[in-house]
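A closer look at the structure
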Amino acid sequence: MWHEWAVDMFGNRQRTSTRSGILKAEAVRQFASSLYRTGINDFVDLTEDKLEIAETSIREIPGQKSRISLDYFRMLAGDDDLIKPDRPDRMVQRFIGKAINLQPGKVTPRLARKVLQKAIPLLVPTGTGSFWSARQLHYTIWATESGN
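Residues numbered from 1 in each chain as written. Predicted model: local features only at pLDDT ≥ 70, side-chain atom pairs only at ≥ 80, totals over all residues. Heavy atoms only, no water.

So, the overall build of the chain
Helices and strands together make up the secondary structure of the chain, namely seven helices and zero strands. Here the chain holds 148 residues, and the buried ones make up 30% of them. Of the contacts formed within the chain by residues at least 6 apart in sequence, a portion of 44% connects residues at least 24 apart. Of the roughly 9,900 Å² of accessible surface on the chain, a fraction of 55% belongs to carbon and sulfur atoms. (Helix = DSSP H or I, 4+ residues; strand = E, 2+ residues; numbered from the N terminus. Buried < 20%, exposed > 50% of the residue type's maximum accessible area, 1.4 Å probe, protein only. Contact = heavy atoms within 4.5 Å. Areas by Shrake-Rupley, 256 points an atom, 1.4 Å probe, with all protein chains shown as cover.)

Set out below in structure tokens:
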């Protein structure tokens, strides 16, 4: 059923993993069910306690063990302390590489996240960081590098 639904509704046959992965549509359904069962139905429901409970079942979904989707969900739901947790955009990595003078490909996703998160407190004393969050900085760099 989910296979037809994923294809018909979204034109998507992708799986969460090449090895024993499930359809992404099924993973989304299971993710949403985990949130619902935990009592997360709206933004006001996003408490640390509820997210911690939901995380247990979300990480059991095939392809979700790394917590990447949960962090990305939290970021999109307004958690300003997080940045895009999956392979940070090549544009962000390229920007950071230029900023710290590293060759292309030498800036790993992990390094990119660390640099962005450490940049926020450094911006505050200059008067430019008092309103910046890691998420806003990430989006701004991405938009600048992509020309948007």
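Observations concerning the packing of helix α2 (residues 24-37) against helix α3 (residues 48-58)
Their axes nearest at 9 Å, the elements α2 and α3 cross at an angle of 145°. For the element pair α2 and α3, the recorded crossing hand is right-handed. Touching Phe31, Ser34, Leu35 and Arg37 of α2 are Ala54, Ser57 and Ile58, all from α3. For the contact of α2 with α3, the per-class residue count stands at four nonpolar, two polar and one charged. (Axes fitted to C-alpha atoms, helices over the stretch in contact; angles between N-to-C directions. Left-handed = near helix turned anticlockwise from the far one by under 90°. Nonpolar A, V, L, I, M, F, W, Y, C, P; charged D, E, K, R; others polar.)

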